[in-house]
Amino acid sequence: MRAWIALLTRELRLALRHPADTLAAVLFFVLVAALFPFGIGPAPETLARIAPGALLAAALLAALLPLDRLFGADAEDGTLDQLLLSGLGSGAVAAAKALAHWLTTGLPLLVATPVAAAMLNLPMGAWPAAMAALGLAAGFLSLLGTAGAALTLGARRGGVLLPLLVLPLAIPAVIFGAAAIEAAAAGLSPRPYLLLLGALVAAALPLAPLAAGAALRVE
């Protein structure tokens, strides 16, 4: 456990030392949300109607940006080989990478969610549900993305293959997350949809690191 925590701490320190990926994801998220009023018009009713799906889609696309370098830098300098030989286990290495990705990308996106929600005229009463939905959806994408990044490691044009592999699998998270935000905006309880999102995360939590670890061992 100490070795795993040390690996997680290393990942967080690297992210703090080089915050460009995190800033790029947050700026991408906010800018995509800002484009919708220009594309469909500033009518408040129209913006509020598309806000749930737009928020989820923008957040997931933004979270994809750092994924192609999740294992790439460590593979290039030999660190990944050392980690796999350290006795920690390839699945544990992948789990630490996934958690670090969520902490350094998913959490900043949550902080930026009220700004994007205000741009899309989402009612303030739905903001907590939007943040909960985005947090769970980002966690699901971090797990899927870790497996995808491991599978495409070393592949030619891996940065192109990764979104094509991960985004179709993330569609259920978009559906349930948008439904939760819509329910909150309509004054209904978002709990059933958030529970479904949580079930997706719970299912991916053991499976994605195992798949990523198997892919890393093959690499």
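None of the values given here were measured: they were computed from a predicted structure.

The subject of this paragraph is the overall build of the protein. If you tally the helices and strands in the protein, you get 10 helices and 0 strands. Seen in sequence order, the protein has helices and strands lined up from the N terminus as α-α-α-α-α-α-α-α-α-α. Whereas a compact globule of 219 residues would reach a radius of gyration of roughly 17 Å, the protein reaches 18 Å, a difference of no more than 12%. When its C-alpha atoms are laid out on the principal axes, the protein stretches across 55 × 30 × 30 Å. Burial status across the protein gives 47% buried among its 219 residues. A fraction of 81% describes how many contacts in the protein between residues 6 or more apart in sequence connect residues 24 or more apart. Of the roughly 10700 Å² of accessible surface on the protein, 71% is carried by carbon and sulfur atoms. Looking at charge distribution, the protein has the averaged site of its 11 positive side-chain charges lying 5 Å from that of its 10 negative ones.

Right, let's talk about the UniProt feature "transmembrane region" (unreviewed entry) in the protein for a bit. UniProt annotation of "transmembrane region" (unreviewed entry) refers to residues 20-38, 50-71, 124-153, 160-181 and 193-216 when read in the numbering used here. Between the first and last C-alpha atoms of residues 20-38 the distance is 27 Å; the span itself is 100% helix and 0% strand. Counted over residues 50-71, helix gives 68% and strand 0%. Its end C-alpha atoms are 35 Å apart.

In total, this model carries 2 salt bridges according to the counting rule given. Of the charged contacts in the structure, one is a salt bridge between Arg10 and Glu11, with a shortest N-O distance of 2.6 Å. On the basis of relative accessibility, which here comes to 26%, the residue Arg10 falls in the partly exposed class. Here Lys97 and Glu11 are joined by a salt bridge, their closest N and O atoms 3.1 Å apart. You can see Lys97 sitting in helix α6 (residues 90-119) and its partner Glu11 sitting in helix α1 (residues 2-17), a full 86 residues away along the chain. Taking relative accessible area as the criterion, Glu11 reaches 12% and is therefore assigned buried. Look at the salt bridges and you will find they share partners, linking Arg10, Glu11 and Lys97 into a network.

The interhelical angle for the contact between helix α7 (residues 127-151) and helix α10 (residues 191-218), taken along N-to-C directions, is 20°, at an axis separation of 8 Å. The pairing of α7 with α10 is recorded here as roughly parallel in orientation. The two elements α7 and α10 cross, and the hand of that crossing is left-handed. Along the lines of polarity and charge, the residues of the contact of α7 with α10 split into 23 nonpolar, 2 polar and no charged.

Rules used throughout
Residues numbered from 1 in each chain as written. Predicted model: local features only at pLDDT ≥ 70, side-chain atom pairs only at ≥ 80, totals over all residues. Heavy atoms only, no water. Helix = DSSP H or I, 4+ residues; strand = E, 2+ residues; numbered from the N terminus. Rg over C-alpha atoms; globule rule 2.2 N^0.38 Å. Buried < 20%, exposed > 50% of the residue type's maximum accessible area, 1.4 Å probe, protein only. Contact = heavy atoms within 4.5 Å. Areas by Shrake-Rupley, 256 points an atom, 1.4 Å probe, with all protein chains shown as cover. Lys, Arg positive; Asp, Glu negative; His and termini not counted. Charge placed at Lys NZ, Arg CZ, Asp CG, Glu CD. UniProt positions renumbered as here; feature names shortened; annotations may be inferred. Salt bridge = Lys/Arg side-chain N within 4 Å of Asp/Glu carboxyl O. Axes fitted to C-alpha atoms, helices over the stretch in contact; angles between N-to-C directions. Parallel < 35°, antiparallel > 145°, perpendicular 65-115°, else oblique. Left-handed = near helix turned anticlockwise from the far one by under 90°. Nonpolar A, V, L, I, M, F, W, Y, C, P; charged D, E, K, R; others polar.

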